Each structure stands twice: as C-alpha cells, then as structure tokens.
Amino acid sequence: MTDSKYFTTTKKGEIFELKAELNSDKKEKKKEAVKKVIASMTVGKDVSALFPDVVNCMQTDNLELKKLVYLYLMNYAKSQPDMAIMAVNTFVKDCEDPNPLIRALAVRTMGCIRVDKITEYLCEPLRKCLKDEDPYVRKTAAVCVAKLHDINAQLVEDQGFLDTLKDLISDSNPMVVANAVAALSEIAESHPSSNLLDLNPQSINKLLTALNECTEWGQIFILDCLANYMPKDDREAQSICERVTPRLSHANSAVVLSAVKVLMKFMEMLSKDLDYYGTLLKKLAPPLVTLLSAEPELQYVALRNINLIVQKRPEILKHEMKVFFVKYNDPIYVKLEKLDIMIRLASQANIAQVLAELKEYATEVDVDFVRKAVRAIGRCAIKVEQSAERCVSTLLDLIQTKVNYVVQEAIVVIKDIFRKYPNKYESVIATLCENLDSLDEPEARAAMIWIVGEYAERIDNADELLESFLEGFHDESTQVQLQLLTAIVKLFLKKPTETQELVQQVLSLATQDSDNPDLRDRGYIYWRLLSTDPVAAKEVVLAEKPLISEETDLIEPTLLDELICYIGTLASVYHKPPSAFVEGSRGVVHKSLPPRTGSSESAESPDTAPSGVQAAEQPAVIPTQGDLLGDLLNLDLGPPVSGPPLATSVQMGAVDLLGGGLDSLMGGSNTFAPAPSTTVPTTLGAPLGSGLGDLFDLTGGVGTLSGSYVAPKTVWLPAMKAKGLEISGTFSRQVGSISMDLVLTNKALQVMSDFAIQFNRNSFGLAPAAPLQVHAPLAPNQSVEISLPLNTVGSVMKMDPLNNLQVAVKNNIDVFYFSTLYPLHILFVEDGKMERQMFLATWKDIANENEAQFQIKDCSLNADAVSSKLQGSNIFTIAKRNVEGQDMLYQSLKLTNGIWVLAELRIQPSNPSFTLSLKCRAPEVSQYVYQAYETILKN
C-alpha cells in the first residue's frame, strides 16, 4: 500500500467551510460565519480569499452583521482595492438608509478605507452626510473629512468640504462643533500655512457656548483650539478666561490640563494689578493639586506639567509645598519629579520644612533618590542664602554617616556652595579631606580636587593630596584629569618652591603621554603661560570666579514659553518642543505666548522694535538685519570702545605657540624642560602668499602707498532733517586703516557742541575706533573736517543691502540718525594676494553655482593699467594670460572678515566692455565686489 493516504484528507479545509457558511440562507449561520472570519483575521490568519463572500453579506438590515462586515472591509480593502470597489454601491445605499446609525457607520467606514480608487465615489455620500438632519451623522462625517484630506488633500479642497466644515463650527449641536474643530485642527496641523481655523470673536463665542455641553474629548478639542487664538485685548482675554475656568473642576485630567493651558496663555495678557489676576492664580492651584491624587502614571504627567507651570509662575503653588512631599510608596519617577518641584518652590518662608524633609530622604534606601535628595540640599543652600549655614551643617551630618554615595554627592554640592559663598564655609575643608580615600566616582573626585586646588593655601598637605591622585593619572576620567591639571597649576602658583617637580610631572603627563586633545591643549596653554609670563598666569588661573546662579537647570525662557503652549501634550512631558521628536513631513508650527500687556515691555514707541530678537534667528556667514534703527535708539552714545584692528588677529597664529625655553616662575634658571614643539606647525597663520615672491613680476610690492580710490564727499544728513546740522562725508582706506572722512556744518543759529557718534550693527562689524573729536564748539555757519578712524571688531548683523551703515550722531541739541552705503573696497585687506597653486585649488573647490558674471562697460584701459589701478585698492593680480587676443587677468582679494573672493577679468583690446567672473564661498558678496571694481576702474 502506498503512502498517498497521508496526503489526502476528507476535510475540505477551514476556508472552504467558512465559504459555505457565508453563502448559507440562514441569517444566524451567516452571522456566526462572519464572526469566525473576524476571529481568524484578528489572530493574524489570512482570510482575504473570502472577500467576495463577506461583501455579499453587506446586504442586510442586521446592524451587528453590518458592523462585522465593515470591520472586515476596512482591514482588507487596501490589499484588495479592485474587490473593494464592489462594496461602493452598498456604501452609497447605506448613506441614505432611514436609520441614522447605519448612515453614520457607512460614512465612518468609508473614511477608514484608504484606497485612492474609491475616494472619488465617496464624495457625494459624504456631502449628503455633512448636511444630514441627524447630528450623530454630521459629527461622524466631520471626522471623515479629515481622514479623506489625509488620503487626497486636493480632492477635499476641490469638492468644497473645508468650507462645509467651517460652517459646522456654527452648528446647533455641541458634539458636531467639537468634531468640526477637531477635524479642522488636524488638517491645519498638516498644512501650517493654510488659515483654516480663522477664529474671530463671534466663532470663539460659539465655541465657548458649545464647550459646556460637549463630551469630555469634545471639550479638549475646543480648549486646544481656543489656546491657538490670540485675543485682541486684555478684556477679551479675561472674558475667555472667565468662561474656561469652570472646566478646571472637571473629572477628566486631560480637560483640566487643557483648561490650564488656555488660562496660562491668556494670563500673559492680563495686568498683574487686576483683582481678577489674583483670583485666577488662586483658582489654578486646587485642580493641579487634585491631579496628584490620581494613579502614579497620571501623577507623573501632572508633575512634569506642574514643573513647567512653576518655572513660569511660581506664585500659583507657593503655598502648596506639602503636596509635593514624597510618600513612601511613590514610584521612583514620581519621587524624583516631586523633589525637583520642591526645590523650585523653596523659599525663605518654607525652607525649614523643606530641609527637614530632605534630610529624611537622604536616609532612604533608594540610591538614586538619596543622591538627588543630597543634591537638593545643596541647591537649597544656593537658592536661599539664609538657609546656607543650616544646609552646610546638614551636609556635614550626612558625611559623618560614611555612606559612600552620600559622601560623594555631598562633596559635589559643597563645591558649588563654596563657589556661591566664597570665604564663608571653608572651615569644613578638613572634614572633606578625611574622606578622600572613599571617593571613586569621577564627579566627586573632580569636585574634591577642585576644592584642594582652590584652597591649597589653607591645606598644609595639599601637595601630598594631589600627588596621591597623580599616581593613577591615566586611569582617571577626562573630567578628573582636567581638574587635576588645573589644581596642580593653582597649587604651583600659590606655593612655587615646594611643587616644582609636581607641576613638571603633571604637564608632561598631560602634553606628552595623553591622547586627549582637550587635555593636551590645556597642558600646553598652562606650560606656555608659566614660562612666558608668571604674573599673567596668576591673573588667568587664580582669577576671581563669578558667583554661580541659583537655578542652573531652568528651561531657557523662549523654550519655556513654547512648552507652556503645549501643556497636556507629549511635549510637556519630554520638556522638548514637538519639532525635536515628531518625525515626518508635517510642518511643526512653533507656538509662543502672546505679548504681555500692561507691562513696560509693550510701552515702547512703535519704531523701537525690541532689539536683539532677530539676530539669533539665522546663523549665516553674516547674521541677518533686524529693525532699522531699533538698536541705535537705545545705544549709549559715550566714546566707543576701541578694539584691536582685525589684521592682528589673523597674524596671531604665526607665533610659535610651544617654543622651548620655559623660564621658571622663581627666576632666570631654566628649570622647566622645553615643551615639545612638534604638535603645532610654526607657520600656523603666515599669509598664504608670503615668501613666494610675485610669481609673475607684474608690479613689484604688495599694495601701493597711493592708497585705494576715495569717492568725493556727498551729503549724508541734510541740515533740514537735523535741526541745522549738515553732515557730508566719504570713506577711505590708507595703508591698512579705514577712516570715515566727515565735514560737519552748523547751519543753525545756535552753537553746537558735545558731539558723539555710534554705528548700528552691520554686515562687517564696522565701528568707530575712537571718539568723534570736535575740539571747539561749532559756531553758526562754521564747518569742521574730521577723519574718524574705524575698525571691524563691532557687532555683526547682515544688512540689506549688505553695505548699508546706520549711524547715530549726538550733539547738545538732539540725536540724529542717517544711513549711508560704504564702498566695499575699503574692506579689501593688504594680505589678499593668494599663492598661485592655492588660487587654482580654491577656484576648483568653490561650487559653480557660486560663480557670478558681470559686464563692466565703457572702460578704455589696457590690461596693465587695470592691474595696476586695482592693486592700489588691494585687488591683486596673480596671473595674466593671453588667449586668442583676449587678456585674462586672474585676481584675488580678501575682506576684513576673512572671506576670499577670486576673479577672472577678460579684456579685449578693441572692446570697451570687460567680462568679470567672481567666485566666492559667500556669493551674496559678489554683487558688491563688482560695484567696487566698476567704481575703481571708472574713476
């Protein structure tokens, strides 16, 4: 007998049986079969083969069976789009069913079938359902529009569904309003630029009316929408707050947090002097406290949000300290969060309570919690000065427990206390030194080393203590190595005679035997300092330390304002803006709080936009321009601080940083070994063309003494605009120094004196290098010529146009403002000649899209005359070639901010038009370089 019997089976298979049952005439059997199909689908079996049979079951009045079939459809429509079209007819029919539940079910399922082919068939049924007389159907259809928009945004816009959605905001049924708001918010989130939720006081009123009658999730949608609204004044903000406040007593914590978000946002607009402001603060505390009686996971979310609220407005919870005391059965994540808030709320009034509590926590069993509690004691000392003594004695008591991790944390925080209150608590150093051997964590070891180095003169055996750390120098972490290096150098500067060998040893360990570049660099800097100028070394290493601030872990204010707008979302739990953790194409809109009203900040005149806001926006080669004269209006017009000319900083690198011959601090004898000089090339900053001579010997020398072209003076500030003061001027560059040549004329009837000048931030940092000196008062109808030296070490901000300079001039009458354009060639530096090979390499390296071409017309000079004229303004010819009768000049120039510009100038002897090609890594400069070429060649 063969084995074939094992392969034949009488059972036709599960799918086959289900197929037969689905086609049965008995309703009950059909329903059971569909249930079995759904069960198989749920556990992951593939039952897509039954698609036509299941779809046939749609033609039924039984709501339960219909739901099951729709569930199956949603799951398999994507993998069987052609089959899914068979179901469209039934959808369309069901959308007109007399039963509103079936109409809603059909429209809900249609939204969930994400198949492009089907979407166009759904538009008509959806349009009818959006205008259905039953609110249940309308609310379901509203959500369906958002789903359809996700599949095919263009279709939704073309069919006018968005307008219908906007109309639903005015619906009589609050649930429909809530769903319409939710759908519009969802769509608006994926299209930040579209102004879908165009809220106005009328629509806000409708939303607030619907708010009272919605389900809890409907309320959340409406509150989130309200939070995005910007009231026109403080009265409207107050009226919205009054109508939102009742939501604070809702049982659902999500509703409470959404209401808190709206109130926190609109409170910005209320004046602190209002009685209502105080009432609102009092009303906000109880709901936040109530959230802390929920289960631990909810508590954690509440605490993370409260952490933000306390940083923004600590006065809300300042009397609620006890709520944040830790319970023995709190999970660790809740404990740590509560501890953080306790420190934020600590003040002189409650510090005794807080310290007693923290001391208790420091004896707990949970190591992480104990560590944080000990840190908290230190933070309290730094925050509340009156408690510092009490905190230090508490920390000393904890050190006496000799529990290793407690001792280590205590030492770390005592270091910070020393930094906050110098020369106050140093008597405890002896106790700290006793525990030196037990320290095994890098942070604690580094803190202890810092203390020994900082107070070396008070510790008799400081050198022995530090030497004990040196023995295992290479096994220490970088943090400890850096701290040890600094501490030994401090010790050496305080006790040079006894620690000569020790400092020599640590410097050679740091520079010769270490792979860490930070450590090596610090070692070399100290070595160099000690060898060249011991007095300077003392001033640098033993300088006065700035006191540390109370709160080091506060969230940066602009980020905090953004996070307040996200209360009750994941962003408020992560303490990060959504853009930091939401991936995908959705544009994340940055939210911010409304501007404060009733405070001095908004009392500025319209033309003094707050300065300093725009500059940080886009880091470019040159930062961007902000408000025209905002900065000038609040400038101190005293004599400007003159800085060193920039050229010197370029040359700095040419010093041999690590040359030998380190003289001892104690006298002439060279007891130090010379620092190894192999690691840094000596020619670090030598000008690129130096020592190579002029390869083509076109014109001898670099830059002629005749100086660059100086334009004739023009009137910058007419007398009628400046109460009789007329200013005309021009800019010049002579032998490396830039000046502004001014003529001040008094056309008024009174004497002018007390002149001062100030520049606004500009693209190249131009600033006066000396005060504006008018030696005698300027009598009526008198003029005075002044040459004001300029440097390029001022503040930088990208202007439009790039060479725009805004100037403020003050005299005994008033302050006057004007702006002028400076020619770019005053910024071409004398070492702008590039070496030939370097030129070729750089030209190839700069991308072709950075190349710009210009025509210089009506210029009748020959190539040599051009070359000579341009060299006078520091545009250097590197090579000259003749190609098919055309002279090609290859040139380079360098701006004061280090930007190189490479040029190719084509000159045809018979043609008065030249072609200029410019290449530069900052292409926005090219246009202005071309203008400089034209100015120089035509004058």
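Here the structure is a predicted model, which is why all the values come from computation and not from measurement. (Residues numbered from 1 in each chain as written. Predicted model: local features only at pLDDT ≥ 70, side-chain atom pairs only at ≥ 80, totals over all residues. Heavy atoms only, no water.)

## What about the packing of helix H36 (residues 863-871) against helix H37 (residues 926-938)?
How two helices pack is summed up by the angle between their axes together with the distance between the axes. Going by this rule: Only the stretch in contact is used when a helix axis is fitted, and all axes are lines through C-alpha atoms; the angle between N-to-C directions ranges over 0 to 180 degrees. Secondary structure elements follow DSSP: runs of H or I of four or more residues count as helices, runs of E of two or more count as strands, with numbering from the N terminus. What sets the label is the angle itself: under 35 degrees gives roughly parallel, over 145 gives roughly antiparallel, 65 to 115 gives roughly perpendicular, and the rest give oblique. Should the near helix be turned anticlockwise from the far one by less than a right angle, the crossing is left-handed, and should it be turned clockwise, the crossing is right-handed. By definition in these notes, contact holds between two residues if any of their heavy atoms fall within 4.5 Å. Classification convention: Asp, Glu, Lys, Arg as charged; Ala, Val, Leu, Ile, Met, Phe, Trp, Tyr, Cys, Pro as nonpolar; all other residues, Gly among them, as polar.
Here H36 crosses H37 at 110°, and the two axes come no closer than 10 Å. Judged on the interaxial angle alone, H37 and H36 are roughly perpendicular. As H36 packs across H37, the resulting crossing turns out to be right-handed. Within the contact between the two elements, H36 uses Val866, Lys869 and Leu870 and H37 uses Tyr933, Ile936 and Leu937. Of the residues belonging to the contact of H36 with H37, the class tally is five nonpolar, no polar and one charged.

## Notes on the sheet that holds strand S8 (residues 815-821)
This is how it is decided: DSSP-based pairing: two strands are paired if at least 2 bridges between them are found.
Pairing within the open sheet is antiparallel, and its three strands lie in the order S4-S7-S8. Strands with a single pairing partner mark the edges of an open sheet, and in this sheet they are strand S4 (756-759) and S8. The average angle at which neighbouring strand axes cross in this sheet is 25°, direction not considered. When S4 meets strand S7 (residues 804-810), the two strands line up antiparallel, connected through four bridges. Following the sheet pairing, Phe759 is matched in S7 by Val807.

## Side note on the pairing of strand S9 (residues 851-856)
The cut-off we apply is this: Remark: exposure states derive from per-residue accessible area (1.4 Å probe, protein chains only) relative to the maximum for the residue type, with buried under 20%, exposed over 50%, and partly exposed in between.
On S9, burial follows the alternation: Ala852, Phe854 and Ile856 on one face are buried, whereas Glu851, Gln853 and Gln855 on the facing-out side are not. Looking at chain direction, S9 and strand S13 (residues 914-920) are connected through six bridges and run antiparallel. Note on S13: the bridge partner recorded for Ala852 is Leu918.

## Brief notes about the packing of aromatic side chains
We apply this condition: Any two rings among Phe, Tyr and Trp, with Trp reduced to its six-membered ring, count as a pair given centres within 6.5 Å; such a pair is stacked if its planes are under 30 degrees apart, edge-to-face if over 60, and tilted if neither.
Across all of its chains, the model carries 12 aromatic pairs by this definition. Where Tyr421 meets Tyr425, the ring centres are 6.2 Å apart and the plane angle is 85°; that geometry is what we call edge-to-face. For Tyr425, a relative accessible area of 7% corresponds to the buried category. Judged by centre distance (6.3 Å) and plane angle (85°), the ring pair of Trp450 and Tyr455 falls under edge-to-face.

## Thoughts on the pattern of salt bridges
Quick note on the threshold: Any Lys or Arg side-chain nitrogen found within 4 Å of a carboxyl oxygen on Asp or Glu counts as a salt bridge.
The final tally for this structure, using the stated rule, is 36 salt bridges. Note that Glu337 and Arg304 form a salt bridge whose closest N and O atoms lie 3.3 Å from each other. Of this pair, Glu337 sits in helix H19 (residues 332-345) while Arg304 is found in helix H18 (residues 296-312), placing the two residues 33 residues apart along the sequence. On the basis of relative accessibility, which here comes to 14%, the residue Arg304 falls in the buried class. Ionic contacts of the salt-bridge type, sharing partners, join the residues Arg371, Arg375, Glu409, Glu441 and Glu443 into one network.

## A short note on a negative patch on the surface
To be explicit about the condition: Only residues whose relative accessible area exceeds 30% and that form no salt bridge enter a patch; like-charged residues are grouped when within 9 Å of one another, and nonpolar side chains (Val, Leu, Ile, Met, Phe, Trp, Tyr) when within 5 Å. Using a 1.4 Å probe, accessible areas were evaluated by the Shrake-Rupley method; residue-level cover was limited to the displayed protein chains. Residues counted as positive are Lys and Arg, residues counted as negative are Asp and Glu, and His and the chain ends are not counted. For the purpose of locating charges, the reference atoms are NZ of Lys, CZ of Arg, CG of Asp and CD of Glu.
There is a patch of like negative charges on the surface, built from Glu464, Glu467, Glu471 and Glu501. For Glu471, a relative accessible area of 70% translates into the label exposed.

## Some thoughts on the environment of Gln750
Within the secondary structure layout, Gln750 lies in the loop between strand S3 (737-746) and S4. A relative accessible area of 43% places Gln750 in the partly exposed class. The spatial distance from the C-alpha of Gln750 to the C-alpha of Leu778 is 8.9 Å, given a sequence separation of 28 residues. Setting aside residues no more than four positions away along its own chain, Gln750 makes contact with Leu778, Pro780 and Ile813.

## Focus: the nonpolar core
Let me state the cut-off plainly: Among buried residues, those of type Ala, Val, Leu, Ile, Met, Phe, Trp, Tyr and Cys that are joined through side-chain atoms within 4.5 Å constitute a nonpolar core. Domain segmentation is taken from an automatic or database assignment of domains.
Ranked by size, the top nonpolar core spans 214 residues in total, and within it Tyr72 and Phe418 carry the most contacts. Counting contributing residues, this core receives three or more from each of domain 1 (346-439) and domain 2 (441-544). One finds Val809, Leu916, Ile936 and Leu937 within the second-largest nonpolar core, a separate group that totals 64 residues.

## With respect to empty space enclosed by the protein
Just so we agree on the cut-off: Lining residues are those with an atom within 4 Å of a point, where the points come from a 1 Å grid over the protein atoms alone and group into cavities, where a 1.4 Å probe fits but cannot get out, or pockets, open sets with protein on both sides within 12 Å along at least five of seven lines. Grid points are joined across faces, edges and corners, and a volume is the space filled by probe spheres set on the points.
This model, assessed by the stated rule, comprises two cavities of 30 Å³ or more. Quantified by volume, the largest cavity comes out at close to 50 Å³. Considering the residues around the largest cavity, the lining is formed by Lys27, Glu28, Lys31, Thr60, Asn62 and Leu65. The dominant element in the lining of the largest cavity, judged by the number of residues it contributes, is helix H2 (residues 27-42), at three residues. Here the residues of the lining of the largest cavity are counted per class, giving one nonpolar, two polar and three charged.

## Let's talk about the environment of Val374
Along the chain, Val374 falls in helix H21 (residues 367-383). Here Val374 falls in the buried class, since its relative accessible area comes to 0%. Taking the C-alpha atoms as reference points, Val374 and Leu395, 21 residues apart in sequence, are found 7.5 Å from one another. With near-sequence residues (within four places) excluded, Val374 lies in contact with Ala362, Leu395, Leu398, Val406, Glu409, Ala410 and Val413.

## Quick word on helix H31 (residues 557-564)
Among all positions of H31, only Leu560, Glu562, Leu563 and Ile564 are buried. In this fold, the buried residues of H31 make contact with helix H16 (253-267), H18 and helix H32 (570-574).

## Section: the sheet that holds strand S12 (residues 900-907)
Taken together, the five strands give an open sheet; going across it, the order is S9-S13-S12-S11-S10, and neighbouring strands pair in antiparallel fashion. Looking at which strands have only one partner, the edges of the open sheet turn out to be S9 and strand S10 (876-883). When strand polarity is set aside, the average angle formed by the axes of neighbouring strands in this sheet is 20°. Relative to strand S11 (residues 886-894), S10 is paired through seven bridges, and the arrangement is antiparallel. Bridge pairing links Asn882 to Asp887 in S11. Contacting S9, S10, S11, S12 and S13, helix H35 (residues 836-845) runs over the sheet at an angle of about 95° to S12. On the sheet, H37 packs against S9, S11, S12 and S13 and is oriented at approximately 25° with respect to S9.

## With respect to the side chain of Glu476
Just so we agree on the cut-off: Residues adjacent in sequence count toward polar contacts only when both atoms are side-chain atoms; beyond that, a polar contact is any pair of N or O atoms within 3.5 Å, and within protein one must be able to donate a hydrogen and the other to accept it.
Structurally, Glu476 can be placed in the loop between helix H26 (462-470) and helix H27 (478-494). With relative accessibility at 15%, the residue Glu476 sits in the buried group. A distance of 2.6 Å separates the side chain of Glu476 from the side chain of Arg445, its partner in a polar contact. Once you skip the residues sitting within four places of it in the chain, Glu476 turns out to touch Arg445, Phe469 and Gln481.

## Points about the packing of H18 against H31
Closest axis-to-axis distance for the H18/H31 pair is 10 Å, and the angle between their directions is 130°. Relative to H31, the element H18 lies oblique. Once H18 is placed against H31, the crossing between them reads as left-handed. Listed contacts from H31 to Leu308, Ile309, Gln311 and Lys312 of H18 are Leu560, Asp561, Leu563 and Ile564. Split by residue class, the contact of H18 with H31 holds five nonpolar, one polar and two charged.

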